[in-house]
Amino acid sequence: MTNASIATYTIEALSSIRQTAPLIHNITNYVVMNSSANILLALGASPVMAHCRDEVEEMVSYAGALVLNIGTLQPDWIEAMIIAGKAANKKGVPVILDPVGAGATRLRTDAVNTIMRECQITVLRGNASEILSLRSANIKTKGVDSSLELADEMVDVAQAMAQEMKCVIAISGPEDCITDGQRVFRVGNGQPLMTKVTGSGCGLSAVVGAFCATDRSDAAKATAAAFGYYGLCGDLAIEVSDRPGSFAVAFIDQLYATSNEQITERLKVRAS
Amino acid sequence: MTNASIATYTIEALSSIRQTAPLIHNITNYVVMNSSANILLALGASPVMAHCRDEVEEMVSYAGALVLNIGTLQPDWIEAMIIAGKAANKKGVPVILDPVGAGATRLRTDAVNTIMRECQITVLRGNASEILSLRSANIKTKGVDSSLELADEMVDVAQAMAQEMKCVIAISGPEDCITDGQRVFRVGNGQPLMTKVTGSGCGLSAVVGAFCATDRSDAAKATAAAFGYYGLCGDLAIEVSDRPGSFAVAFIDQLYATSNEQITERLKVRAS
Amino acid sequence: MTNASIATYTIEALSSIRQTAPLIHNITNYVVMNSSANILLALGASPVMAHCRDEVEEMVSYAGALVLNIGTLQPDWIEAMIIAGKAANKKGVPVILDPVGAGATRLRTDAVNTIMRECQITVLRGNASEILSLRSANIKTKGVDSSLELADEMVDVAQAMAQEMKCVIAISGPEDCITDGQRVFRVGNGQPLMTKVTGSGCGLSAVVGAFCATDRSDAAKATAAAFGYYGLCGDLAIEVSDRPGSFAVAFIDQLYATSNEQITERLKVRAS
């Protein structure tokens, strides 16, 4: 697949999001509830945050995608995530899982393993140390930030994990890597300054949900498009400001306003 | 009442908020706690967020208004809302209820009905589908956004609800409608882009609380002034930016800095 | 100590934060989780928010400082704060306590007293009425804002409290006051507009954590440097905007970008 065809795919997916405003049901952490909602709104989707076990099944029935995120975790939220995840599975609603801080504490690592045992995840998105912590217990993450560079061997691991877990593995890094176990998409868009704005990664997981809502047949390609568009908005925002406060504002503006021409010219997604 | 007299009323209410900084006690959802606090601070009020049943009664005793909001609901919060609501009723503190997502899930619809059975609400503020869902079970909302246009027949329904519930019904929409069952205020200020910033509606409910704190004798007029001022700040902010990130920043600036002249010239509130 | 030597100390502490990115473990209120994380990221530190009793001990083991904040309090959070505080004490990790709203409700005053009985706090940071409420029950705060001006007699009280509690007492006000019971640091940086941005005080407590992480031997001096730098960023941000929305954005930018020259020229910290 050439870069051009992915650009076209991204333009069409974005257009679909903006026209249909799919409801994205988030069970996410307190830190990013506001920023993820604003990111989804700027993108054109319709966010809802709802975590109570008494309503998640009903809420997910309206949803185009379900986004689970284990930051600021409490045990009763895990239960709600599983109820929502099972309901999503029944209805064919894509489920995105963001394993924030997996590997840093046992609670988080165990939570991800429990959720993945009970529900079929469509896309697992995190940084390298979070994702790799779910394969073996040998790699510790320092809090919620990645301590590993994305290298070729990591791509191999990601492919093996995708095959084992039967889901898309999406790793954020200097170059992002998305794989369904067969195809590998590499994304060159994005800026280091995004790591200086809290919730950048969590917001990307939400955006992956919105793109997956527009294409249930190819979650890997939809995820690659989401990564490309999100990173491109970062590339355009940094031309407005290279400081994190005003960069974050410009980034939201850009999610709302990036044109098809800018996608065609500057999207850096390549498939192999 | 002419537009001019409502403008004068709005100017006086705003001046009172800025001089007395009434404490607005919010029991609200996680998504908007930060944005609602910033909105109230920019307006000149003094926000406090407190939801623990062990302290809400004490906290509401200092308050000029109590704002209840059922987004990201959990059952134990409903209990705290009722304790706070009853305490507010005893002391004559106005109670604003924002039924976020009512009609979308049974938990939320039931919660509003329970709260309204236990406490006397002063103002019920939401979008059309949320408000209407509380009258009959036939209208479903898609998540938290309105799926209904505000039409003349809706005004009739709102009036009937206000009479039945003995409270002000305030419906946000392309043209807002506020009624106490007798008078109807229509507000033409406001921008569609406000729906692309999360918490715009919830923030308005908080601002209604601040205006009601300045006039316990006429909650409908205070609510109309709040809607007018809030929408006017949106009208002025969009002249700074038509993209949601920088628009949201300009909107906060505008809540802080809108002048009496701008209110006199551009407030669009008419009573009938 | 002269102003110049404190400026040098501040520059070195800031440089250390930017180079080592210490993990700052926050158990803080819902309102400010996002803003405190962004403040710490812009400063150069690495924030994590984690409040579940099942993981706080593990999380604090990676931390350079622990920041406890009692806004939006629930009883089970107090327990997690104590577990985390004890673990921090064992490892010599500095513990910052922000007694948001102490004096306003019994829940909050009692919570602070319980935490301080169970854990050794390194720095207690709040506004005057919050801090003073912890000495005697006679002073009530109105919600979470200070109702007291910082006067000379308050400095005496702060010194007595610092000696009694064996911790640094840090009081925010028109002129800030930091004391370990012996030395007193007064900080003249900072802007009144900061009180119109929610979480400004809570964010400062987090920044105190980051500075204390770089100097475990002198928490009073580290706290004074944190106050000076934070206030200086406010002084520089107000030159960009005197309205709260855009001021808040400029403030984050400034935390990221303030130069050593600006610190040398404009830091207003004096020791006595």
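Definitions and limits used
- Residues numbered from 1 in each chain as written.
- Chains lettered and ligands numbered in written order.
- Predicted model: local features only at pLDDT ≥ 70, side-chain atom pairs only at ≥ 80, totals over all residues.
- Helix = DSSP H or I, 4+ residues; strand = E, 2+ residues; numbered from the N terminus.
- Rg over C-alpha atoms; globule rule 2.2 N^0.38 Å.
- Buried ≥ 20, exposed ≤ 12 C-beta atoms within 10 Å, placed from the backbone.
- Contact = placed C-beta atoms within 7 Å.
- Nonpolar A, V, L, I, M, F, W, Y, C, P; charged D, E, K, R; others polar.
- Axes fitted to C-alpha atoms, helices over the stretch in contact; angles between N-to-C directions.
- Pairing = 2+ DSSP bridges.
- Core = buried A, V, L, I, M, F, W, Y, C linked by C-beta atoms within 7 Å.
- Least-squares fit on C-alpha atoms with pLDDT ≥ 70 in both.
- pLDDT = per-residue confidence, 0-100.
- Parallel < 35°, antiparallel > 145°, perpendicular 65-115°, else oblique.

### Considerations on the overall build of chain A
When its secondary structure is counted, chain A shows 11 helices and 9 strands. Taking 2.2 N^0.38 as the reference for a compact globule, 272 residues should give roughly 19 Å; the C-alpha atoms of chain A span a radius of gyration of 17 Å, in line with that estimate. Each of the three principal axes of chain A carries a C-alpha extent, and together these read 45 × 40 × 35 Å. Classification of the 272 residues of chain A by burial places 63% in the buried group. Sequence separation of at least 24 residues holds for 73% of the intrachain contacts in chain A that already meet a minimum separation of 6.

### Some remarks on the interface of chain A and chain B
Listed per partner, the contact involves 26 residues of chain A and 27 residues of chain B. For the side of chain A that touches chain B, the secondary-structure elements that each account for two or more residues are helix 2 (33-43), strand 2 (46-49), helix 3 (56-60) and helix 10 (244-257) of chain A. Of the residues forming the side of chain A that touches chain B, the biggest block, 7 residues, is contributed by helix 10 of chain A. Counted by class, the side of chain A that touches chain B contains 18 nonpolar, 4 polar and 4 charged residues.

### Some thoughts on helix 2 (residues 33-43) of chain C
Helix 2 of chain C sits mainly inside the fold: 11 of its 11 residues count as buried. Within the span of helix 2 of chain C, buried status applies to Met33, Asn34, Ser35, Ser36, Ala37, Asn38, Ile39, Leu40, Leu41, Ala42 and Leu43 of chain C.

### Comments concerning the packing of helix 2 of chain C against helix 10 (residues 244-257) of chain C
Helix packing geometry: the angle between the two helix axes and the distance between the axes. Across the interface, helix 2 of chain C lies against helix 10 of chain C with an axial gap of 7 Å and an inter-helix angle of 35°. Touching Asn38, Ile39, Ala42 and Leu43 of chain C of helix 2 of chain C are Ile252, Leu255 and Tyr256 of chain C, all from helix 10 of chain C.

### Remarks on the interface of chain B and chain C
The partner chain C presents 27 residues to the 26 residues of chain B that form the contact. Within the residue set of the side of chain B that touches chain C, elements represented by two or more residues are helix 2 (33-43), strand 2 (46-49), helix 3 (56-60) and helix 10 (244-257) of chain B. Looking at the side of chain B that touches chain C element by element, the count peaks at 7 residues for helix 10 of chain B. Looking at the side of chain B that touches chain C residue by residue, the class counts come to 18 nonpolar, 4 polar and 4 charged.

### Quick notes on the sheet that holds strand 3 (residues 65-69) of chain C
Residues and elements named next belong to chain C. Pairing is mixed across the open sheet formed by 9 strands, whose spatial order is 2-1-3-4-5-6-7-8-9. Sheet topology places strand 2 (46-49) and strand 9 (269-271) at the edges, where each strand pairs with a single neighbour. Strand-to-strand, the axes of this sheet are offset by a mean angle of 20°, without reference to chain direction. In terms of strand pairing, strand 1 (residues 23-27) meets strand 3 through 4 bridges, oriented parallel. Among the inter-strand pairings, Asn26 is bridged to a residue of strand 3, identified as Val67. Packing of helix 4 (residues 75-91) onto the sheet brings it into contact with strand 1, strand 3 and strand 4 (95-98), and relative to strand 3 it is tilted by some 155°.

### A few points about the nonpolar core
In this structure, Ala210 of chain A, Ala210 of chain B together with Ala210 of chain C are the most contacted members of the largest nonpolar core, which totals 319 residues. Contact partners of Ala210 of chain C, with chain neighbours within four places excluded, come to Ile17, Pro22, Ile24, Leu40, Leu43, Ala45 and Ala65 of chain C.

### Describing the relation of the copies chain B and chain C
Once turned by 120° and shifted 0.0 Å along the axis, chain B lies on chain C with an RMSD of 0.0 Å. Overall, the copies show the geometry of a three-fold rotation axis. Looking at the rotation axis and the C-alpha trace of chain B, the residue lying nearest is Tyr30 of chain B, at 3.8 Å. The fraction of interface residues of chain B whose copies in chain C are also interface residues is only 12%, indicating that the copies meet through different surfaces.

### A few points about the relation of the copies chain A and chain B
In the superposition of chain A on chain B (RMSD 0.0 Å, axial shift 0.0 Å), the rotation amounts to 120°. Each copy contacts the other with its own distinct surface, as only 12% of the interface residues of chain A are interface residues in chain B too.

### Concerning the confidence of the model for chain A
All names here are of chain A. Mean pLDDT for chain A: 93, with 93% of residues reaching 70 or above. For the stretch residues 137-145, pLDDT sits under 50, and the model shows 26 contacts to residues farther than four places along the chain or on other chains. Of the two predicted TM-score estimates for the complex, the pTM is 0.95 and the ipTM is 0.94.

### A few points about the pairing of strand 8 (residues 184-187) of chain A
All names here are of chain A. The sheet contact formed by strand 7 (residues 176-179) and strand 8 spans 4 bridges and is antiparallel. Paired with Ile178 across the bridge in strand 8 is Phe185. Linking two consecutive strands that pair antiparallel, namely strand 7 and strand 8, is a turn of 4 residues; a positive phi of about 100° is found at Gly181 within it. Across 3 bridges, the pairing between strand 8 and strand 9 (residues 269-271) is antiparallel. When the bridges of strand 9 are listed, Val187 appears paired with Val269.

### Observations regarding the sheet that holds strand 6 (residues 168-172) of chain B
Residues and elements named next belong to chain B. In spatial order, the strands read 2-1-3-4-5-6-7-8-9; together these 9 strands make up an open sheet with mixed pairing. Looking along the sheet, the strands with just one partner apiece sit at the ends: strand 2 and strand 9 (269-271). For this sheet, the mean angle separating the axes of adjacent strands, direction not counted, is 20°. As paired strands, strand 5 (residues 123-127) and strand 6 are joined by 5 bridges and run parallel to one another. Bridging from a neighbouring strand, Asn127 pairs with Ser172 of strand 6. Helix-sheet contacts for helix 8 (residues 200-214) involve strand 1 (23-27), strand 3 (65-69), strand 4 (95-98), strand 5 and strand 6, and the interaxial angle to strand 3 is about 160°.

### Thoughts on the packing of helix 1 (residues 3-20) of chain C against helix 8 (residues 200-214) of chain C
All names here are of chain C. It is the contact of helix 1 with helix 8, at a shortest axis distance of 9 Å, that shows an interaxial angle of 95°. One element, helix 1, and the other, helix 8, form an angle in the roughly perpendicular class. Together, Ala13, Ser16 and Ile17 of helix 1 and Ala210, Phe211 and Thr214 of helix 8 make up the contact between the two elements. Of the residues contributing to the contact of helix 1 with helix 8, the split by class is 4 nonpolar, 2 polar and no charged.

### Examining the environment of Met116 of chain A
All names here are of chain A. You can see Met116 is positioned in helix 5 (residues 106-118). Placed 81 residues apart in sequence, Met116 and Val197 show a C-alpha to C-alpha distance of 28 Å. Not counting chain neighbours up to four residues away, the residues in contact with Met116 comprise Ile121 and Met165.

### Section: unusual backbone geometry
Residue and element names in this part refer to chain B. The phi torsion at Thr72 lies on the positive side, around 40°, for a residue other than glycine. Tracing the chain through its elements places Thr72 in the loop between strand 3 and helix 4 (75-91). We classify Thr72 as buried; it has 23 C-beta atoms within 10 Å.

### Observations concerning the environment of Met154 of chain B
Residue and element names in this part refer to chain B. Here Met154 shows up in helix 7 (residues 152-165). As a C-alpha pair, Met154 and Val184 span 30 residues in sequence and 12 Å in three-dimensional space. Residue contacts for Met154: discarding those within four places in its chain leaves Ala128 and Ile171.

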